[in-house]
Each structure stands twice: as structure tokens, then as C-alpha cells.
Amino acid sequence: MSDDVPAYGLWGLVILNSVIFIFFAFSFFKPQTRRDWRSFGAFSAFLVALFTEMYGFPLTLYFLSGWLQSRYPEVDWFSHDAGHLLEMLFGWQANPHFGPFHLLSMVFIAVGFWLIAAGWRVLYAAQRQGELATTGLYTYVRHPQYVGFVLVMSGFLLQWPILLTLAMFPVLVWMYSRLAIHEEREVARRFGDEWQVYAARTPRFIPHLRALGSGSQHL
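Residues numbered from 1 in each chain as written. Predicted model: local features only at pLDDT ≥ 70, side-chain atom pairs only at ≥ 80, totals over all residues. Heavy atoms only, no water.

## Some details on helix H1 (residues 11-29)
Here is step 1: Taking 1.5 Å of rise per residue, 19 residues should cover 27 Å, and H1 covers 26 Å from first to last C-alpha, within 8% of that figure.
Here is step 2: In the core, the buried residues of H1 are packed alongside helix H2 (34-56), helix H5 (100-128), helix H6 (144-159) and helix H7 (163-191). (Helix = DSSP H or I, 4+ residues; strand = E, 2+ residues; numbered from the N terminus. Expected span 1.5 Å × (residues − 1). Contact = heavy atoms within 4.5 Å.)

## Details of the layout of surface pockets
Here is step 1: The volume enclosed by the largest pocket comes to roughly 770 Å³.
Here is step 2: Of all the secondary structure elements, the ones that give two or more residues to the lining of the largest pocket are H5, H6, H7 and helix H8 (193-201).
Here is step 3: Ranked by residue count, the leading element in the lining of the largest pocket is H7, at eight residues.
Here is step 4: The residue makeup of the lining of the largest pocket, split by class, is 15 nonpolar, seven polar and eight charged. (1 Å grid on protein atoms, 1.4 Å probe; cavity = no way out; pocket = protein on both sides within 12 Å on 5 of 7 lines; lining within 4 Å. Points joined across faces, edges and corners; volume = space filled by probe spheres on them. Nonpolar A, V, L, I, M, F, W, Y, C, P; charged D, E, K, R; others polar.)

## Describing the packing of aromatic side chains
Here is step 1: Enumeration over the complete set of coordinates arrives at 23 aromatic pairs.
Here is step 2: When the centroid spacing of 6.2 Å and the interplanar angle of 50° are considered together, the rings of Phe 29 and Tyr 146 count as tilted. Here Tyr 146 lies in helix H6 and Phe 29 lies in helix H1, a separation of 117 residues in the sequence.
Here is step 3: Judged by centre distance (6.2 Å) and plane angle (85°), the ring pair of Trp 37 and Phe 40 falls under edge-to-face. Of the two residues, Trp 37 and Phe 40 are both situated in helix H2; the distance of three residues between them amounts to about one turn of the helix.
Here is step 4: For Phe 40, a relative accessible area of 7% corresponds to the buried category.
Here is step 5: Ring pairing ties together the aromatic residues Phe 26, Phe 29, Trp 37, Phe 40, Phe 43, Tyr 146, Phe 149 and Tyr 176, which thus form one cluster. (Phe/Tyr/Trp six-rings, centres within 6.5 Å; stacked < 30°, edge-to-face > 60°. Buried < 20%, exposed > 50% of the residue type's maximum accessible area, 1.4 Å probe, protein only.)

## Examining empty space enclosed by the protein
Here is step 1: Overall, the coordinates contain one cavity of 30 Å³ or more when judged by the stated rule.
Here is step 2: Along the lines of polarity and charge, the residues of the lining of the largest cavity split into seven nonpolar, two polar and one charged.

## Some thoughts on the nonpolar core
Generally speaking, nonpolar side chains in soluble globular proteins are found buried as a group.
Here is step 1: Residues Phe 43, Phe 46, Phe 51, Trp 77, Phe 149 and Phe 156 are the most contacted members of the largest nonpolar core, which totals 51 residues.
Here is step 2: Among the secondary structure elements, those contributing two or more residues to this core are H1, H2, helix H3 (59-71), helix H4 (85-89), H5, H6, H7 and H8.
Here is step 3: Counting residues per element, this core draws most heavily on H2, which supplies nine residues.
Here is step 4: In contact with Phe 46, not counting residues within four places along its chain, are Met 153, Phe 156, Leu 157, Thr 165, Met 168 and Leu 172. (Core = buried A, V, L, I, M, F, W, Y, C linked by side-chain atoms within 4.5 Å.)

Rendered as C-alpha cells:
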């Protein structure tokens, strides 16, 4: 019965997954400025490109099919499982959903969305009180939500690498970096010395190992 299920051309799943993930990201990112919308639009394009190749049309597999078929003739490269390229290339050709790269990707995606959601709760509470967000995840990094978006994209790249999202990934990382710097300039003008003290002790994206260790002792 499973042979009757098409591997691709499932455009309903393309639309459904794109809408769900984009809506979830929008509910926490809440873009306001033109720069915000450009970054969110690029992230949305990343997701649409991903799900289009995952369920719609496997452009990357068609593009690489000659090389893949000659190097790995035992693999049906136009089956749906073959889209898990890393599992296939490294020899995990049983059920790729239980392969090491797929499992690691799920960890990245789950942690990424948790960072986005948890970071937004702290930021929203601080904004309502007119304060600088310095608690929760903001104790460790100045932009936990952007770290979350990068982890989500990294997870999807591990799970289903395609040429378009591989090309988009560094561009999106650069956009989030520029957006973070722009936001910091605005916050510095508003909070002055309080921001300077906070920024001096808190890294922008990658937390200090000492801070993570001390934080885990309080859990």
C-alpha cells in the first residue's frame, strides 16, 4: 500500500507545513519595522523552499541525480526517504527518520523554537514595564530569539539539506546579525548606561560557558 503513496507532488503538505511554521514564527517574532519584515520574509522564504523540495518537487535531487546515481547506485534517489541526504550519504539507509542527523535536527529545531518562545516571554514582559530585558535567557545572551531562529534553520539543514536553503542560510545569519546590531543601537539610546553595563557582561549570541555552568547550578 505504501508504494501507492507518491513521494512528491504533495502540494497540500507544502502549504500546510509552510503556514504552520511561518505562523508560529510570526507569533513570536512580531515584525514591526521594514528591516524586521525583510528578515522575517527571508526566513519565510527559507521555509517555503524547504517544504517545496520536501513534499513538492525535489529540485536538488534532480540536479544532483547524475552524480548521486553513479556514486550510490543502490539508492532510489527519487524516493521520499532519499531526501534525507546526509543519512543516505553516510550509509544510514534503513529508516532515515531514526538516523543520527535526523534525530540531531529534531533537537536543534525543538531547542530553537523553545528559545524563540521563552525569549519572547521575557522580552514582552520587559517591554510592558518599559524595562531592559536582562532576565531569563537574556541573562546569557542579548538575542536569544535570533539564536533560536539560527538553530531552527540549522536543524532543517541537517534534516533535509537542499541547495537553495544552503545558499540562503549564511544570508539569513548575516541579516539577523545586522538586525541585532541595529536594535542594540536603538536600545542603547533609550537605556544609556544601563545598556552599556548589560552589554559589557552579556555576549550577543554565544553564551559564556561559565555563565551556563552557574545557571545550571540554580536549576
